[in-house]
Amino acid sequence: THPIRVAIAGYGNLGRGVEAALKQNPDMRLVGVFSRRAPTSVTLLDTDVPVYAMADIEQYQDEVDVMILCGGSKTDLPEQGPYLAQFFNTVDSFDTHAKVNDHYAALAQSAQKSGHVAMLSGGWDPGLFSINRLYGEAILPEGKTYTFWGKGLSQGHSDAIRRIAGVQSAAQYTLPIEAAITRVRSGEQPELTTREKHTRECYVVLKAGVDEETVRHTIVTMPDYFADYDTKVHFIDQASFDKDHSTMPHGGFVIRSGVTGDNNKQTIEYGLTLDSNPEFTSSVLVAYARAVHRLALSGEVGAKTVFDIAPSLLSAKSPAQLREELL
Ligand SMILES: NC(=O)C1=CN([C@@H]2O[C@H](COP(=O)(O)OP(=O)(O)OC[C@H]3O[C@@H](n4cnc5c(N)ncnc54)[C@H](OP(=O)(O)O)[C@@H]3O)[C@@H](O)[C@H]2O)C=CC1
Ligand SMILES: N[C@@H](C[C@H]1CC(C(=O)O)=NO1)C(=O)O
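The shown structure was predicted, so the numbers you read here are calculated from the model rather than taken from an experiment. (Residues numbered from 1 in each chain as written. Chains lettered and ligands numbered in written order. Predicted model: local features only at pLDDT ≥ 70, side-chain atom pairs only at ≥ 80, totals over all residues. Heavy atoms only, no water.)

**Some points on the packing of aromatic side chains**
Consideration 1: Under the counting rule described, the total for this entry stands at eight aromatic pairs.
Consideration 2: Ring centres of Tyr83 and Phe87 lie 5.3 Å apart, and the angle between their planes is 70 degrees; on these two criteria the pair is classed as edge-to-face.
Consideration 3: For Tyr83, a relative accessible area of 27% puts it in the partly exposed group.
Consideration 4: Here a set of aromatic residues connected by ring pairs shows up, and it is made of Phe34, Tyr52 and Tyr60.
Consideration 5: Against the face of Tyr11 rests Arg16, its NZ or CZ located 5.9 Å from the ring centre.
Consideration 6: Here Lys151 stacks its cationic end above the ring of Tyr173, 5.6 Å away from the centre of that ring. (Phe/Tyr/Trp six-rings, centres within 6.5 Å; stacked < 30°, edge-to-face > 60°. Buried < 20%, exposed > 50% of the residue type's maximum accessible area, 1.4 Å probe, protein only. Lys NZ or Arg CZ within 6 Å of the ring centre and 35° of its normal.)

Structure representation (structure tokens):
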């Protein structure tokens, strides 16, 4: 069978990650990259495929099996997702938690009409962490679920800062509050507000002449991203940014702390430790691109989340081989 033909829409950290991840999946191949920038200004890592103008993307609908959307959640994906689901099967890592149902509805409408599959929020949170929160709550109905991230760089939050007028570069680090983790790990099952679980720390490079306090205020009051957190903002120069903020480690864990039967304490924990947040997220996107291709071939249409997609569809192994490896 022919390799699954994958294309990238939007070439940033995730776009580079997808380009790299596809090299680890021989049943798939990159056939093109689409960018809103001039194609000649976009340099790929090392794959010899064309870079096209996003404006021409509709012309390639018969050459692409799955389009992986690597734009930013704050402003790119809400517009690009429904638009591209008219022409392609798509996968994205949409992560504006407060707006997931809006995005789902917009993708569902576009994909139902065009007969495509549009998968949203296929990353690690939302994505793999979402699946583990569901398992925990379905299996231990009497209990509490906690999610902790970092210390690490959140791409969604960094992207959100980059979209503020006058910002040249941005890195946002998420820091878990250790006292909260200790209380959760003790089995106390505490009630914790958003502000009691994490703090956020931003490093921002501004373009010349841009007022720091205006940008600081825009960040710390930003709904869905920073308003509910204690947030620090540091303004630095580009040289310092390039030196100190070019790697994107992250990680985190989901804990379900519950009880069964005669009040037996049961704990489920799922964790990630990531050298590169974007490369890991892109590896999730590529596995889900395989699943979306198979769903489309089977006649499925519409919007899908990780909850709707059977794990076996992500694997390059056959169902029989997977069954042999069940234990
Ligand atoms: N669910 C999850 O677990 C995760 C989700 N994410 C999501 O992934 C999204 C994308 O993250 P990330 O790839 O880091 O974002 P980037 O800022 O690197 O890229 C976003 C878009 O910006 C454009 N762009 C990239 N580089 C440049 C540049 N030098 N000049 C101008 N434009 C540029 C690209 O579009 P174009 O090529 O068209 O110019 C690109 O698609 C995040 O917003 C986040 O929401 C990320 C990690 C985990
Ligand atoms: N979507 C996040 C992935 C995780 C990390 C995170 C955070 O640090 O707030 N929330 O979810 C990202 O863009 O990195």
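**Some details on the sheet that holds strand β8 (residues 152–153)**
Consideration 1: Within the open sheet, the four strands sit side by side as β8-β9-β10-β11. Their pairing is mixed. Strands with a single pairing partner mark the edges of an open sheet, and in this sheet they are β8 and β11 (230–235).
Consideration 2: Judged from the two bridges that link them, β8 and strand β9 (residues 167–176) form a sheet pairing that is antiparallel. From the neighbouring strand, Leu153 faces β9, where its bridge partner is Tyr173.
Consideration 3: Each of β9, β10 (198–206) and β11 touches helix α7 (residues 212–220); the most contacted strand, β11, lies at about 150 degrees to it. (Pairing = 2+ DSSP bridges. Helix = DSSP H or I, 4+ residues; strand = E, 2+ residues; numbered from the N terminus. Contact = heavy atoms within 4.5 Å. Axes fitted to C-alpha atoms, helices over the stretch in contact; angles between N-to-C directions.)

This is a description of form; function is not addressed.
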